[in-house]
Amino acid sequence: MLTGIIGGSGLAELDGLTITHREVMRTQYGEPSGALTFGQLCGRDVVFMNRHGPAHTIPPHRVNYRANLLSLKQAGASQVIAVNAVGGISSTLQPVDLVIPDQIIDYTYSREHTFFDSEHEPVRHIDFSYPFSESLRTTIIETASACKIEVIAGGTYAATQGPRFETAAEIDRMERDGATIVGMTGMPEAVLARELDLGYCMIAVVSNPAAGRSGSEISVEDIMSNLHAGMARVRDLFEEVIPVL
């Protein structure tokens, strides 16, 4: 079983990955964010994709999510673990916390968000009640617990358009809606994976308190510092999770 890993801000490459080859993919929806990197991680076959491109130049609203997910499917991946930087809406969350969310609220717009958009084919509807693969989530949560790696087992991811950060009032609204974390890349990535029958789950790294939650402006320098520490925790988690997938 080939596992796809999608890295976002802070995870441009996988430490410990023994690379076998890289492949530039082509899809009917255009090119993905970059070449796929194939190799072995902790003794398992994986394929890695950098969501924002090799130089981190693709903003969230310009990511070709359809090409990204389809290229992973064409490469043979049957499941995908996405790593996402997020802001913490809930007051219980601190920078560097790892969250394994179980729900999504989509606030994005004007993104190519489905493969089922041809007027020449029957309309297709998919169930998206529970947007993440429960089996993948359970494996990550239980493995983390067994290895004494603290994760927050559950949460609601608010997907926003970006690339700007949100206003404090927008965050207040999202909290009233039930969101606990906020990011810019979870959708349409999650639903496209579902349309392709790819098991999909997310490891969300809290990089900062969301807008209006800390009493000061959001600092990109602080975000990058927190992501550096948070991604080290993700790598520790991968070392335990990847072998048992």
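Scroll up to find the structure.
### With respect to the overall build of the protein
- Of regular secondary structure, the protein possesses five helices and 11 strands.
- Against the globule reference of 18 Å for 245 residues, the protein gives a C-alpha radius of gyration of 17 Å, in line with a compact fold.
- The principal-axis extents of the C-alpha atoms in the protein amount to approximately 45 × 45 × 35 Å.
- Distance from the positive charge centre (18 side chains) to the negative charge centre (30 side chains) of the protein: 2 Å.

### Here we look at helix α1 (residues 65-74)
- Burial within α1 is extensive, with eight of its 10 residues counted as buried.
- As for α1, its buried residues are in contact with β1 (2-7), β3 (36-41), β4 (44-50), β5 (77-88) and α4 (189-195).
- After α1 finishes, the residue G76 shows a positive phi value of roughly 110°.

### Quick look at the packing of helix α2 (residues 134-146) against helix α5 (residues 220-241)
- Closest axis-to-axis distance for the α2/α5 pair is 9 Å, and the angle between their directions is 100°. In terms of orientation, α2 lies roughly perpendicular with respect to α5. The residues of α5 that touch α2, namely those facing I140, T143 and A144, are L237, E240 and V241.
- Grouping the amino acids of the contact of α2 with α5 by side-chain chemistry returns four nonpolar, one polar and one charged.

### So, the nonpolar core
- By size, the foremost hydrophobic cluster in this structure holds 35 residues, and its most contacted members are L36, V47, L72, Y157, I181 and Y200.
- Where this core is concerned, the elements lending two or more residues are β1, β3, β4, α1, β5, β9 (156-159), α4 and β11 (199-209).
- The residues contacting L72, other than those within four sequence positions of it, are I6, L36, V47, M49, A77 and V80.
- The next biggest cluster of nonpolar side chains, apart from the first, holds 27 residues, and it includes I100, L227, V234 and F238.

### Overview of the side chain of T3
- Considering the arrangement of structural elements, one finds T3 in strand β1.
- With a relative accessible area of 4%, T3 lands in the buried category.
- Here Q79 takes part through its side chain, which lies 2.9 Å from a polar atom of the side chain of T3.
- Discounting chain neighbours no more than four positions away, the residues touching T3 are D45, V46, V47, Q79, I81 and L245.

### Describing the pattern of salt bridges
- Enumeration over the complete set of coordinates arrives at nine salt bridges.
- R173 is the salt-bridge partner of D177, the closest N and O atoms lying 3.8 Å from each other. In this pair, D177 and R173 are both assigned in helix α3 (residues 168-177), four residues apart and thus about one turn of the helix distant.
- By relative accessible area, which is 46% here, R173 ends up partly exposed.
- Here the salt bridges share partners, and the residues they tie into one network are R66, E112 and D117.

About the criteria used
- Residues numbered from 1 in each chain as written.
- Predicted model: local features only at pLDDT ≥ 70, side-chain atom pairs only at ≥ 80, totals over all residues.
- Heavy atoms only, no water.
- Helix = DSSP H or I, 4+ residues; strand = E, 2+ residues; numbered from the N terminus.
- Rg over C-alpha atoms; globule rule 2.2 N^0.38 Å.
- Lys, Arg positive; Asp, Glu negative; His and termini not counted.
- Charge placed at Lys NZ, Arg CZ, Asp CG, Glu CD.
- Buried < 20%, exposed > 50% of the residue type's maximum accessible area, 1.4 Å probe, protein only.
- Contact = heavy atoms within 4.5 Å.
- Axes fitted to C-alpha atoms, helices over the stretch in contact; angles between N-to-C directions.
- Parallel < 35°, antiparallel > 145°, perpendicular 65-115°, else oblique.
- Nonpolar A, V, L, I, M, F, W, Y, C, P; charged D, E, K, R; others polar.
- Core = buried A, V, L, I, M, F, W, Y, C linked by side-chain atoms within 4.5 Å.
- Polar contact = N/O pair within 3.5 Å; in protein donor to acceptor, adjacent residues only side chain to side chain.
- Salt bridge = Lys/Arg side-chain N within 4 Å of Asp/Glu carboxyl O.

By themselves, these are just geometric observations and shouldn't be taken as functional.
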